[in-house]
Amino acid sequence: MRGRVRRVAILGHIGRPGVRRAAAKLRTRLARRGCDVRLEQQLADLMGIEGAPLPELARWCQLAISLGGDGTVLAGGRAMAGQKGVLLAVNFGGLGFLAAAEEDELDRAVDAALAGRWKVRERRLLRAAVRRGRKAARVFSRLAMNDAVVKSAGGLAAVHLQMHALGQDLGYLLADGLIAASASGSTAYSLSAGGPVLAPDVEALVVTPVCAHTLGSRALVLAADDELSLRLIGSVDHSILLLDGQEMVELEPGDTIRVRLDRAAVRCLRNPERPFARSLQAKLGWQGSARRSL
């Protein structure tokens, strides 16, 4: 980050222990340094002070500080997509794979951000759109930082999809679901479903079937300018499109779902003491030993 940071937004998971107390202390500390500090509306209401909606804060701030787990980071990332401000994610949750620092590192992380000591990494988001009816009218279009998932609403029935990518028809898929993930999302649900891990700087779209009913259905990595198109043939249960596990739209048989990397990116601060490889080892257990390799 270049230049002095004056406008700081704070968002946090209101159900996480310690977030309200940390936000209050951080607000006071930043104000003493001459910063204009504003809190996201729900967190502010919990603290009994004036707040603002997250989209408004994202347009206004130079620095947004996320206090919570990965879900809070995803909400902040979608709001900050395409904005000039940067996102500093501090983990007050469980895994916190997307976080740049842990709860006990909050003050040090904020100092580093204000001093411009940490570099900025851009993470591109996905855009998922749904078209419906004979005229293929667009009925839904949203951004996702991690993934877009097509599945049955109850999670118990398989969905039947026709897939199109790489400029041609890829045939049909019968599976519990399908995940389209960004590099950020490659270490989330897609990884659990057997998809590959992408380094954060890789701009690609990972397509991963969930419990496919055929042996030949495997994860596919598409280039940054490729688009995945899915036609929902049907399901015993109602089907949905789920974005980042947080936003949902109901689907109808015959709907077309198109997913691709969007031009919009969120600018995230990167902790030089927490490289991606170390996070894989510490957070996801990617490790071994010399003895085991013999």
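A short tour of the structure in this document, coming up. (Residues numbered from 1 in each chain as written. Predicted model: local features only at pLDDT ≥ 70, side-chain atom pairs only at ≥ 80, totals over all residues. Heavy atoms only, no water.)

Examining the overall build of the protein
Argument step 1. From N to C terminus, the protein includes 7 helices and 17 strands.
Argument step 2. Its C-alpha atoms give the protein a radius of gyration of 20 Å, within 12% of the compact-globule value 19 Å for 294 residues.
Argument step 3. Projecting the C-alpha coordinates of the protein onto the three principal axes gives extents of approximately 60 × 60 × 35 Å.
Argument step 4. Among the 294 residues that make up the protein, the fraction classed as buried is 49%.
Argument step 5. Taking the average place of the 42 positive charges on the side chains of the protein and the average place of its 29 negative ones, the gap between the two points comes to 5 Å. (Helix = DSSP H or I, 4+ residues; strand = E, 2+ residues; numbered from the N terminus. Rg over C-alpha atoms; globule rule 2.2 N^0.38 Å. Buried < 20%, exposed > 50% of the residue type's maximum accessible area, 1.4 Å probe, protein only. Lys, Arg positive; Asp, Glu negative; His and termini not counted. Charge placed at Lys NZ, Arg CZ, Asp CG, Glu CD.)

Remarks on the environment of Lys283
Argument step 1. Take Lys283: it is sitting in helix 7 (residues 276–284).
Argument step 2. Judged by its relative accessible area of 22%, Lys283 falls in the partly exposed class.
Argument step 3. Residues Lys283 and Gln41, 242 residues apart in the sequence, show an inter-C-alpha distance of 31 Å.
Argument step 4. Looking at Lys283, its side chain comes within polar contact range of the main-chain oxygen of Leu95, at 2.7 Å. (Polar contact = N/O pair within 3.5 Å; in protein donor to acceptor, adjacent residues only side chain to side chain.)

Some points on the pattern of salt bridges
Argument step 1. Counting across every chain of the model gives 16 salt bridges.
Argument step 2. Arg29 is the salt-bridge partner of Asp111, the closest N and O atoms lying 2.7 Å from each other. Residue Asp111 is found in helix 5 (residues 106–115), and its partner Arg29 is found in helix 1 (residues 19–32); the two are separated by 82 residues along the sequence.
Argument step 3. With a relative accessible area of 24%, Asp111 lands in the partly exposed category.
Argument step 4. With relative accessibility at 23%, the residue Arg29 sits in the partly exposed group.
Argument step 5. Across the pair Glu105 and Arg274 runs a salt bridge whose closest N-O atoms are separated by 3.8 Å. In this pair, Glu105 sits in the loop between strand 6 (101–102) and helix 5 while Arg274 sits in the loop between strand 17 (256–270) and helix 7, placing the two residues 169 residues apart along the sequence.
Argument step 6. Counted as one network, the salt bridges with shared partners bring together Glu102, Glu105, Arg108, Glu273, Arg274 and Lys283. (Salt bridge = Lys/Arg side-chain N within 4 Å of Asp/Glu carboxyl O.)

Digging into the pairing of strand 15 (residues 239–243)
Argument step 1. Among the 5 residues of strand 15, 4 are classified as buried, and the element is accordingly described as predominantly covered.
Argument step 2. In the sheet, strand 9 (residues 147–152) pairs with strand 15 via 5 bridges, with the strands oriented antiparallel. Residue pairing in the sheet places Val149 in a bridge with Leu242 of strand 15.
Argument step 3. Note that strand 15 and strand 16 (residues 247–251) share 5 bridges and pair antiparallel. When the sheet's bridge partners are listed, Leu242 is paired in strand 16 with Met248.
Argument step 4. Hairpin connection, strand 15 to strand 16: the antiparallel pair is bridged by 3 residues, and Asp244 has positive phi, about 55°. (Pairing = 2+ DSSP bridges.)

Examining the packing of aromatic side chains
Argument step 1. Using the criterion set out here, one finds 1 aromatic pair in the structure.
Argument step 2. Relative to Phe276, the ring of Phe97 has its centre 6.1 Å away and its plane inclined at 85°; by these criteria the two rings are edge-to-face. Taken together, the positions of Phe97 in the loop between strand 5 (86–91) and strand 6 and Phe276 in helix 7 put the pair 179 residues apart, joining distant regions of the chain.
Argument step 3. Residue classification places Phe97 among the buried residues on the basis of a relative accessible area of 10%.
Argument step 4. By relative accessible area, which is 21% here, Phe276 ends up partly exposed. (Phe/Tyr/Trp six-rings, centres within 6.5 Å; stacked < 30°, edge-to-face > 60°.)

Thoughts on the nonpolar core
Argument step 1. Leu30, Leu63, Ile65, Leu67 and Leu88 are the most contacted members of the largest nonpolar core, which totals 30 residues.
Argument step 2. The set of elements that each furnish at least two residues to this core consists of strand 1 (7–12), helix 1, strand 2 (36–40), helix 2 (41–47), strand 4 (63–68), strand 5 and helix 5.
Argument step 3. No other element matches the 6 residues that helix 5 contributes to this core.
Argument step 4. Residue contacts for Leu88: discarding those within four places in its chain leaves Leu63, Ala64, Ile65, Ser66, Ala100, Ala109, Val110, Ala113, Trp118 and Leu269.
Argument step 5. One finds Val130, Leu228, Leu232 and Leu251 within the second-largest nonpolar core, a separate group that totals 29 residues. (Core = buried A, V, L, I, M, F, W, Y, C linked by side-chain atoms within 4.5 Å. Contact = heavy atoms within 4.5 Å.)

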